Amino acid sequence: PGDLPGVDGLRAMAEEFGTPSSTAQGNVIVAAEGRIGPEQEQYYRALTSALQADKEHVAYVIDTFGKPAAREVGLSPDGRAINLLVAEVGDIGSTRAQSSTEAIRETIRSIPAPAGTTVEFTGTAPTLSDLFTAIDASLLVITAVSVVLIMALLLVTYRSIGAAMVPLLTIGLSLAEHEVIPVSNFSIAIMTAMVLGAATDYAIFAVAGYHEARRAGIPSDEAAVAASTRVGRIIVASALTIAVASGAMIFCKVGIFVTAGLPTTISIIVTCLIALTLPPALLRYLGARGWVEPRPGTEKRWRRTGAKVMRRAVPLSAAA
């Protein structure tokens, strides 16, 4: 949260010392196999100078090891590791801090370390950055598995490649990366989950409306128009509900939620616009060729199922 006393203290300290405001801090650890020697000290000085020169990503460094009076503070009790505190530019959990973490690690990699020396950038902000990176990697797997499962369910339900392609193409366009606005990995994770669900639902609404119109004997072109007219208001109402709820995250106190609110809202609105335009166009094109015709109606079967459920409402509700 941005209003914690500790966070306020960091900002006040930065203001008093005339450094950029930062709430994202980490530690560069230079560890040797034996005790820290001249080679490690020379490397440490070169690395400290490089980090201090990076004004774009480093707010300030607290070099206790380099000051004779505070040398023991920066050196581990066994004399085998040096601890350099680094404040990143940006608030912890923000996209800016994520970028700073990556840049600092790139600086560390750019300076060859002595043999037998391990150098890591760790601490609160870098650990959170690692978490987001892990989320980003797992998100690709989750998205791929989700799309495959959705495709399988659509094919089983519709028994028609044409009908299944309407939701799949809607999902694909909604999830497309356009690189217009840079967002954090956490925001991408939330956006992907929301868009994946919303785009699928909205396209299924359109297909269901089209099938209902076709079963009523309405020509394919008119059925596409009727479906669009009927489900359009439902899609808009649903999308606005999700968009407002997502946008409300800007009132959160935790940075990762604050930064995820607006991008998620924008993504849902874009998904809504796609769902209002692409599925009807696909239905009209594919419908004219007979590729999205409904299977024989199952309304009577569902009515019988509904009647059974109503007769056994209490036990079935309890079981559910």
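Preceding this paragraph is the structure being described.
A brief report on the enclosed structure follows. Keep in mind the model is a prediction, meaning the values are calculated, not measured. (Residues numbered from 1 in each chain as written. Predicted model: local features only at pLDDT ≥ 70, side-chain atom pairs only at ≥ 80, totals over all residues. Heavy atoms only, no water.)

Observations concerning the nonpolar core
- In this structure, Leu154, Val166, Tyr202, Tyr210, Ile235, Leu283 and Val292 are the most contacted members of the largest nonpolar core, which totals 30 residues.
- Here this core gets eight residues from one element, more than from any other, and that element is helix H7 (residues 185–215).
- Every residue in contact with Tyr202, bar those within four places of it in the chain, is listed here: Ile235, Ser238, Ala239, Ile242, Thr271 and Ala275.
- In terms of nonpolar packing, the next biggest core, distinct from the first, is built from 19 residues, Leu51, Leu84, Val119 and Phe121 among them. (Core = buried A, V, L, I, M, F, W, Y, C linked by side-chain atoms within 4.5 Å. Buried < 20%, exposed > 50% of the residue type's maximum accessible area, 1.4 Å probe, protein only. Helix = DSSP H or I, 4+ residues; strand = E, 2+ residues; numbered from the N terminus. Contact = heavy atoms within 4.5 Å.)

Topic: the packing of helix H5 (residues 124–158) against H7
- For the pair H5 and H7, interaxial distance at closest approach is 9 Å and the crossing angle is 10°. Our classification of the angle between H5 and H7 gives roughly parallel. Along the contact surface, H5 presents Phe132, Thr133, Ile135, Asp136, Leu139, Thr143, Ser146, Val147, Ile150, Leu154 and Tyr158, while H7 presents Asn185, Phe186, Ile188, Ala189, Thr192, Leu196, Thr200, Ile204, Val207 and His211.
- Its residues assigned to classes, the contact of H5 with H7 shows 13 nonpolar, seven polar and one charged. (Axes fitted to C-alpha atoms, helices over the stretch in contact; angles between N-to-C directions. Parallel < 35°, antiparallel > 145°, perpendicular 65-115°, else oblique. Nonpolar A, V, L, I, M, F, W, Y, C, P; charged D, E, K, R; others polar.)

Quick notes on the sheet that holds strand S2 (residues 58–62)
- The four strands lie next to each other as S2-S3-S1-S4, forming an open sheet whose pairing is antiparallel. The open sheet terminates on both sides in strands that have one partner only, identified here as S2 and strand S4 (117–122). Looking at each pair of strands side by side, their axes are set apart by 20° on average, direction ignored.
- With four bridges connecting them, S2 and strand S3 (residues 81–88) associate as antiparallel partners. Paired with Val61 across the two strands is Val86, which belongs to S3.
- Sheet strands touched by H5: strand S1 (24–32), S3 and S4. Its angle to S1, the strand with the most contacts, is close to 95°. (Pairing = 2+ DSSP bridges.)

A word on a positive patch on the surface
- A cluster of basic residues, Arg159, Arg295, Lys300, Arg301, Arg304, Lys308, Arg311 and Arg312, forms a positive patch at the surface.
- Within the fold, Lys308 resides in helix H10 (residues 299–311).
- Taking relative accessible area as the criterion, Lys308 reaches 47% and is therefore assigned partly exposed. (Patch = residues over 30% accessible without salt bridge, like charges linked within 9 Å, V, L, I, M, F, W, Y side chains within 5 Å. Areas by Shrake-Rupley, 256 points an atom, 1.4 Å probe, with all protein chains shown as cover. Salt bridge = Lys/Arg side-chain N within 4 Å of Asp/Glu carboxyl O. Lys, Arg positive; Asp, Glu negative; His and termini not counted. Charge placed at Lys NZ, Arg CZ, Asp CG, Glu CD.)

Thoughts on unusual backbone geometry
- Positioned with a positive phi, Arg159 is a non-glycine residue whose angle comes to about 50°.
- Structurally, the position occupied by Arg159 is in the loop between H5 and helix H6 (161–175).

Some points on the pairing of S1
- Burial along S1 is one-sided: Ala24, Gly26, Val28, Val30 and Ala32 are buried, while Gln25, Asn27, Ile29 and Ala31, pointing the other way, are not.
- Inspection of the sheet shows S1 paired to S3 by eight bridges, in the antiparallel sense. Bridged to Ile29 within S3 is Asn83.
- Pairing geometry for S1 and S4, over six bridges, is antiparallel. Its bridge partner being in S4, Val28 is matched across the sheet by Phe121.

Observations concerning a nonpolar patch on the surface
- The grouping of Met151, Leu155, Ile161, Met165 and Leu169 at the surface amounts to a nonpolar patch, some 420 Å² of accessible area in total.
- Of all the secondary-structure elements, those providing two or more residues to the nonpolar patch are H5 and H6.
- With three residues, H6 is the largest single contributor of residues to the nonpolar patch.
- By secondary structure assignment, the location of Met165 is in helix H6.

Quick word on the packing of H7 against helix H9 (residues 255–288)
- At their nearest, the axes of H7 and H9 sit 8 Å apart, and the two run at 25° to each other. Comparing the axis directions of H7 and H9 gives the class roughly parallel. Handedness of the H7/H9 crossing: right-handed.
- Residues of the contact of H7 with H9, tallied by class, amount to 20 nonpolar, six polar and no charged. (Left-handed = near helix turned anticlockwise from the far one by under 90°.)

With respect to the packing of aromatic side chains
- Summed over all chains, the structure comprises two aromatic pairs.
- Their ring planes at 80° and their centres at 5.2 Å tell us that Tyr44 and Phe65 sit as a pair that is edge-to-face. Here Tyr44, found in helix H2 (residues 38–53), pairs with Phe65, found in the loop between S2 and helix H3 (71–74); they are 21 residues apart in sequence, far enough to count as distant. A single burial state applies to Tyr44 and to Phe65, both of which are buried. (Phe/Tyr/Trp six-rings, centres within 6.5 Å; stacked < 30°, edge-to-face > 60°.)

Side note on the pattern of salt bridges
- Counted according to the given criterion, the structure contains 10 salt bridges.
- Here Glu212 and Arg230 are joined by a salt bridge, their closest N and O atoms 2.9 Å apart. Taken together, the positions of Glu212 in helix H7 and Arg230 in helix H8 (residues 220–247) put the pair 18 residues apart, joining distant regions of the chain.
- By relative accessible area, which is 48% here, Arg230 ends up partly exposed.
- Each of Asp8, Arg11 and Asp91 takes part in a single network of salt bridges with overlapping partners.

Concerning the environment of Gly79
- When you line up the elements, Gly79 lands in the loop between H3 and S3.
- For the pair Gly79 and Ala53, spaced 26 residues apart in the sequence, the C-alpha separation amounts to 27 Å.

By themselves, these figures tell us nothing about what the structure is for.
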